[in-house]
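Listed here are the chains, written in short residue letters.
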Amino acid sequence: DDRAGCTALILAVRELNPAAIAALKRKVIFVWSVREEVGLDGARAAAANLGPSVSRVYAVDTFVSSDSPLESPRFADTPIGDGAVIRALDNASVTPPAETDRMLAIAKARKIPVQVGTTNGGNDGSALTGLGAIDVPIGWPLRYSHSPAEVIDLRDVRSLASLIRAAIAAP
């Protein structure tokens, strides 16, 4: 699952406008972390290094969707191909409703396809919430997570890269 997230981050960085970066009034840090599945080891190391200087974190991770023939659509219903996903709730964090609304407004202004969902699991951003950061997990919907047959739609990865760039540029 991390390959798609890394791809979205690389696409976002590659397509950033240098003039827009220079005009930012805040520092933006991209972090690639490791060992999420065994205890958020990389995220915890980043949190220890960055301390309380981080005000908002966009944890980029999968969104395990119920968009499959065998799943109930009552939970995690984010169709593959309909855009990036803002995690409103998972087992590790609750995105403040105002932050979810903010991200939806950012996406709408840029015409970025986006969905909001709730799912199980956690995210790396939760390692920074104890230091005061607001955790806004974002990702792409997929089927069959952590299996040799994961299914994603590359349009969702593109949507996620666009959402990352838009979030950086937003006030």
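Up top is the structure.
Our subject in this report is the structure included herewith. (Residues numbered from 1 in each chain as written. Predicted model: local features only at pLDDT ≥ 70, side-chain atom pairs only at ≥ 80, totals over all residues. Heavy atoms only, no water.)

## A word on the pattern of salt bridges
Worth spelling out the cut-off: Salt bridges, as used here, are contacts in which a Lys or Arg side-chain nitrogen is within 4 Å of a carboxyl oxygen on Asp or Glu. A run of DSSP states H or I qualifies as a helix once it reaches four residues; a run of E qualifies as a strand once it reaches two. Both are numbered from the N-terminal end. Exposure categories follow from relative accessible area, calculated using a 1.4 Å probe and restricted to protein chains: below 20% of the type maximum is buried, above 50% is exposed, and the middle band is partly exposed.
If you walk through the whole model with that rule in mind, you get seven salt bridges. Among the ionic pairs, Glu99 bridges to Arg102, the shortest N-O distance being 3.9 Å. Of this pair, Glu99 and Arg102 both sit in helix H4 (residues 97-110), three residues apart, which is roughly one turn of the helix. Each member of the pair, Glu99 as well as Arg102, carries the same accessibility label: buried. The network of salt bridges with common partners includes Glu15, Arg158 and Arg165.

## Observations concerning the sheet that holds strand S6 (residues 138-142)
Here is the rule: Paired strands, in this sense, are two strands between which DSSP finds at least two bridges. Axes here mean lines fitted to C-alpha atoms, for a helix over just the part in contact, with angles spanning 0 to 180 degrees between N-to-C directions. Here, two residues are considered to be in contact whenever any of their heavy atoms come within 4.5 Å of each other.
Strand order in the open sheet formed by four strands is S2-S6-S3-S4, and the pairing between neighbours is mixed. Edge strands, defined here as strands with exactly one partner in the open sheet, are strand S2 (60-64) and strand S4 (114-118). Between one strand axis and the next, the sheet turns through 45 degrees on average, direction left out of account. Where strand S3 (residues 84-89) lies against S4, five bridges are found, and the strand directions are parallel. When the sheet's bridge partners are listed, Ala84 is paired in S4 with Val114. Those strands touched by helix H6 (residues 154-169) are S2, S3, S4 and S6, and its axis lies near 170 degrees from that of S6.

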